[in-house]
Amino acid sequence: MTTEITRVSAGSADASAGPRSNAPRTHAARTKRRPLTAVDIIQRTFGYVLIVLLVLFCLVPFAWVVLSSIDGNAGPNVQLPAFSFDNFVRFFTDEGTPRLLLNSLIIGVCGTALNLALGLAGGYALARFEFKGRRAFMFGILLIRVIPAPATIVALYLIMVNLQLANSLVGLILVEAVLQLPITLWLLKGTIGAVPIELEEAAWVDGNSRIQAIRRIVLPLVGPGLGAAAMLTFMSIWGDFLTPLVMLQSQDLYPLSIGLFRAFSEHNQVDWGLLAASAIVYVVPPAILYIFVRKHLLRSSLGGAVKG
C-alpha cells in the first residue's frame, strides 16, 4: 500500500515537473524571430536608404563649407581640398570682413545684455506681483511673437526713423532686444516663479532690501534660466537677416550675415574660398556660447537652497 502511494506521488511529481521543464523551451520557441519575408526586406532597405539620403542631405552642405574653407582652389562643388589657410588669412586681413564680424559681435552681445536686463526685471515683476490683467498681458506678449517679422518690420523702421535711430547700431540693438523679449519674459517668469518666496523673505528679515535680495538670492538660483535665455537670444540675434537688412543702409554697419549675402549676390565671380571661410567664422561664436552655457544648464538651481 505504501509502495503504491509512493509511486503515485512520484508519478504526479514527474507530471507536474514535466511542463515546468518544458517551459523554457516553449518560451524560447515563442520568442524565436520569424523569418523575414520579401516585403520586410524591401521595407527595411527602403528605410535605410531614406536615412542615408537624409544624412547626406544634411552633411554634404556642411562638408562643402569645411572643405572649401581650407581649399586654395575652392569651387562650387565638393572636392578634395588643396590644403591652405589662405582663406582665413584673407578673411582677417581683408579691408571689410573683420568689420563685419565686429559689427555682429557688438549687435549680438549688446542686444543679448539689454534683452536679459529687461527680461529679468519684467520676469520678476510677473512672477512676484499680482495685478489686474496679468494673464491677458502675458498672452498678449506671446501673441506678439506669433506675428511674422515681415508684417511689423516696416512699422519698426518708421519708429526708428522718428527717433532718429535709423541706420545706426544703437537702433538695431534696441529692435533686436525687443523682438526677442517675449520668449525671455516667459522663460524667466517661470524660472523666478520656481524660487521659493520664503528665501527672499528670509533675506528681508536679515535687513536686505528687495534689490539686495534679488542680487544675493534670486540671481544665483536662476542662473540656468538666464543661461538658456542668453543662448536663445544671442542665437536669434546672430542669425537674424531681415532686421539688419531693413534697418541699416551703411555698408560699414552691416553684420556678417549681410556680408555673406552680399559676397554671394553682388559680384559676377564668387570667391568661394573666402565665402566658406566666412561661413566657418560665422558659426564659431554661437558654438562657443553653447559650449560655455551648457555647463551651467546642467547644474541644479534649487537643490541646495531648499534642502533641509
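The coordinates are above.
Since we're looking at a predicted model, the values are computed, not measured. (Residues numbered from 1 in each chain as written. Predicted model: local features only at pLDDT ≥ 70, side-chain atom pairs only at ≥ 80, totals over all residues. Heavy atoms only, no water.)

1. Re the nonpolar core
Our working definition: Here the nonpolar core consists of buried residues drawn from Ala, Val, Leu, Ile, Met, Phe, Trp, Tyr and Cys, with membership extended through side-chain atoms lying within 4.5 Å. For each residue, the accessible area found with a 1.4 Å probe, counting protein chains only, is set against the maximum for its type, and the residue is called buried under 20%, exposed over 50%, and partly exposed in between. Here a helix means four or more residues in a row that DSSP labels H or I, a strand means two or more in a row labelled E, and each is numbered from the N terminus. By definition in these notes, contact holds between two residues if any of their heavy atoms fall within 4.5 Å.
By size, the foremost hydrophobic cluster in this structure holds 31 residues, and its most contacted members are Phe 88, Phe 91, Leu 101, Met 247 and Leu 256. If you list the elements that add at least two residues to this core, you get helix H2 (38–69), helix H3 (86–93), helix H4 (97–128), helix H6 (149–162), helix H7 (169–179), helix H11 (223–238), helix H13 (256–265) and helix H14 (272–297). Of all the elements, H14 adds the most residues to this core, at 7 residues. Phe 88 has contacts with Ser 69, Ile 70, Ala 277, Ile 280 and Val 281, leaving out every residue within four places of it along the chain.

2. Concerning the packing of aromatic side chains
How two aromatic rings sit relative to each other is set out by the distance from centre to centre and by the angle between their planes. Threshold: Only Phe, Tyr and Trp rings are paired, with Trp represented by its six-membered ring, and only when their centres lie within 6.5 Å; those with planes under 30 degrees apart are stacked, over 60 edge-to-face, the remainder tilted.
This model, assessed by the stated rule, comprises 8 aromatic pairs. Ring plane angle 70° and centroid distance 5.9 Å describe the contact between Phe 139 and Trp 186, whose orientation is recorded as edge-to-face. One end of the pair, Phe 139, is in helix H5 (residues 134–146); the other, Trp 186, is in helix H8 (residues 181–193), and 47 residues separate them in sequence. Given the relative accessible area of 44%, Phe 139 is considered partly exposed.

3. What to know about the environment of Phe 261
Here Phe 261 is to be found in helix H13. Residues Phe 261 and Leu 275, 14 residues apart in the sequence, show an inter-C-alpha distance of 9.5 Å.

4. Regarding the pattern of salt bridges
Using the following cut-off: When a carboxyl oxygen of Asp or Glu lies within 4 Å of a side-chain nitrogen of Lys or Arg, that pair is called a salt bridge.
Evaluation of the coordinates by the stated rule reveals 2 salt bridges. Across the pair Glu 200 and Arg 128 runs a salt bridge, and its minimum N-O distance is 2.6 Å. Remark: Arg 128 occurs in helix H4 and Glu 200 occurs in helix H9 (residues 197–205); sequence separation between them is 72 residues. Both residues of the pair, Glu 200 and Arg 128, count as buried. Between Glu 130 and Arg 134 there is a salt bridge, with its nearest N and O atoms 3.5 Å apart.

Function-wise, these values are silent; they only describe arrangement.
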